[in-house]
Amino acid sequence: MKIKENFDEIISYLEDSSNFKLGKAEKVFIPENEDEILEVIEICKKENIPLTVSGGGTGTCAGRIPVGGYVISMELFNKIKNVDIEKRKSTLQAGVVVDEFLKYIEKFNLFYPPFPTERTAFIGGNVATNASGEYSFKFGSTRKYVKRIKMILTTGEILDIKRGEIFEKDGYIDYGIFKVPLPSYRTPNVKCSAGYYSKEGMDGIDLIIGSEGTLGIITEVEVELIENLPPRFIMILFLKNEENVPEIVKKIKEKKDELEIFSFEFFDKKSLLFLKDDFNFIPEDSCAIYIEATNDTDKMEKWIEIVEKIKVVDTVIGEDPQNYKKLIDFRHKLPENVNSYFKKIGSIKIAVDAAVCENNFDEFYNFYRKIMEENKDIYTILFGHIGENHLHFNLFPKDEKQKEKAYKIYEECVKKAVFLGGTGFAEHGIGKLKHKYLEIMYGKKGIMDMVKIKKIFDPYCILGLDNIFPKEYLFI
């Protein structure tokens, strides 16, 4: 087992994509096997030292960044243990990098559907956050594809759970070594990554998925695979009027199954300004709908029919490999350009990550537009996964006064999403940054229900502290 103690060796473990600045740790342990994990746990238990699990560092909520104590990195748990071609499943260790896994299974003509946009992520981190991927419009989030989890608890016990074996009954989930009460809240039926999963009759494995490193240390997962994807094309529809977008989205969704859409995204006018220097085909004063779908002659004819009914300023299509890659870059470049620009001018980003159900999306979309219209002093952009009723609403305050105002707007957006039956946290999780806003969604009782569950899994209260809820709640 490797152990790092010098600051220059551990500084990279105090960072992720959240820009969280309060990270600190005394040591980083890098185990190679489960016995070494148990050894680290025993040290932490004996000395009452917090222990934070570290994945690939692609998270946006500081979940892997410790605020003290020790770090346990899963980077050497990087073996793909097997691929069952016939049954289309694979067992792999938690530290396997998703991009390497995708490349490995490609030779078997297989694909892992919920792969994240950030392909340097670890598979264990994806499970711990219930990550949503580039094709989540078609395939859903990580939860749907996890068939088994092996996890070490701070008690020294190993929980090895398969999907379909343990279910909630009479208000409890019985894992054999202990029973866990179902929380009083219920996870909404939308794209969601907000605290511990809770549904009547739920599978016991689903409580662990999305628990953000607070219940145990995931060492191994088994995931479902599918056949490799068919040839695809990308189409970008440039539109003049942003107010017509929900109507156009509905028309396209009506045909989503027969058109076999993989990605369905939106970029408002202000977000496209950050892409104009890289892509000279963007028309002036336009917003855009971005679609990736199966490429065959019959489907292309149906797309032509749809586009003819929509008043577009321009349409760009990428079918051949070169143009397809160029338009993939179009989708990925925005967050990079936005973050780079506002970092240069010294402004922070406050990002709403909310989703609502299909019936309430129009109202939520117009709610965002109204906020933008009434708060023109703060720079804002609206973009993201419109096919899943989930847009990223980013605010960029330029001083402390605007920052205070932006956080009030953030809170209003979370409240509105919850009021509409949705979530304030669709895919990024809670981590250390969004505690008080999660309480808006589930109430104090819901948070304390999670605390109760945490204490059953981790009675020593050392694991993943300050993720999902403040560690102070463990001692109320």
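Residue positions within a chain follow its written sequence, with the count starting from 1. For a predicted model such as this one, the threshold for reporting local features is a pLDDT of at least 70, and the threshold for listing and counting side-chain atom pairs is 80 or more; totals across whole chains, interfaces and linings nevertheless cover every residue. Side-chain numbers come from the whole structure's heavy atoms, not from hydrogens or water.

**Overview of the sheet that holds strand S9 (residues 158-162)**
Next, step 1: The pairing criterion is simple: DSSP has to find at least two bridges between the two strands. Elements are defined by DSSP. Helices are runs of H or I of four residues or more, strands are runs of E of two residues or more, and each kind is numbered from the N terminus. A sheet is described by the order of its strands in space; here 5 strands give the open sequence S5-S6-S13-S8-S9, paired in antiparallel fashion. Every interior strand has two partners, whereas the edge strands, strand S5 (80-84) and S9, have only one. Sheet twist, expressed as the mean angle between neighbouring strand axes with direction ignored, is 10 degrees.
Next, step 2: Here 5 bridges tie strand S6 (residues 89-93) to strand S13 (residues 217-224), and the two strands are oriented antiparallel to one another. Paired with Gln93 across the two strands is Glu220, which belongs to S13. To obtain each axis, a line is fitted to C-alpha atoms, and for helices this fit is confined to the stretch in contact; angles are then taken between N-to-C directions over 0 to 180 degrees.

**Things to note about the nonpolar core**
Next, step 1: Ile149 and Phe457 are the most contacted members of the largest nonpolar core, which has 149 residues in total.
Next, step 2: A total of 9 residues in this core trace back to one element, the largest contributor, which is helix H14 (residues 435-457).
Next, step 3: Leave out the neighbours within four places in its chain, and Ile149 touches Val127, Leu159, Asp160, Ile161, Ile205, Ile208, Ile209, Ile218, Glu220 and Val221.
Next, step 4: In this structure, Ile10, Val28, Ile30 and Val71 belong to the second largest nonpolar core, which totals 7 residues. The criterion is simple. A nonpolar core is a set of buried Ala, Val, Leu, Ile, Met, Phe, Trp, Tyr and Cys residues joined through side-chain atoms within 4.5 Å. Relative accessibility under 20% of the residue-type maximum defines a buried residue, over 50% an exposed one, and the middle range a partly exposed one, all with a 1.4 Å probe and only protein chains included. Contact between two residues is taken to exist if any of their heavy atoms lie within 4.5 Å; hydrogens are not considered.

**Quick word on unusual backbone geometry**
Next, step 1: Here the phi dihedral of Asn48 falls at roughly 55 degrees; this positive angle occurs in a residue that is not glycine.
Next, step 2: Structurally, Asn48 is set in the loop between helix H2 (34-47) and strand S3 (51-54).
Next, step 3: Under the relative-accessibility criterion, Asn48 is labelled exposed at 57%.

**Re the packing of aromatic side chains**
Next, step 1: Between rings of Phe, Tyr and Trp, where Trp is taken as its six-membered ring, a pair exists when centres lie within 6.5 Å; planes separated by under 30 degrees are stacked, by over 60 edge-to-face, and by other angles tilted. Taken as a whole and assessed by the stated rule, the structure comprises 28 aromatic pairs.
Next, step 2: Ring centres of Phe137 and Phe264 lie 5.5 Å apart, and the angle between their planes is 90 degrees; on these two criteria the pair is classed as edge-to-face. Of the two residues, Phe137 is situated in helix H5 (residues 136-139) and Phe264 in strand S16 (residues 261-267); the sequence distance between them amounts to 127 residues. An identical accessibility class is assigned to Phe137 and Phe264; each is buried.
Next, step 3: Aromatic ring contacts, followed pair by pair, group Phe238, Phe267, Phe279, Phe281, Tyr290 and Phe330 into a single cluster.

**Thoughts on the sheet that holds strand S12 (residues 179-181)**
Next, step 1: Here 3 strands make up an open sheet; going across it, the order is S10-S11-S12 and the pairing antiparallel. Across the chains shown, the open sheet's two edge strands, defined by having one partner strand only, are strand S10 (168-169) and S12.
Next, step 2: Examined bridge by bridge, S10 and strand S11 (residues 172-174) share 2 bridges and lie antiparallel to one another. Paired with Glu168 across the bridge in S11 is Ile173.

**Focus on the pairing of strand S15 (residues 232-239)**
Within a regular beta strand, the side chains point alternately toward one face of the sheet and then the other, so they alternate between its two faces.
Next, step 1: Counted residue by residue, S15 has 7 buried out of 8 residues, so it is predominantly covered.
Next, step 2: The sheet contact formed by S15 and strand S18 (residues 314-318) spans 5 bridges and is antiparallel. Pairing of Ile236 across the sheet is with Val316, part of S18.

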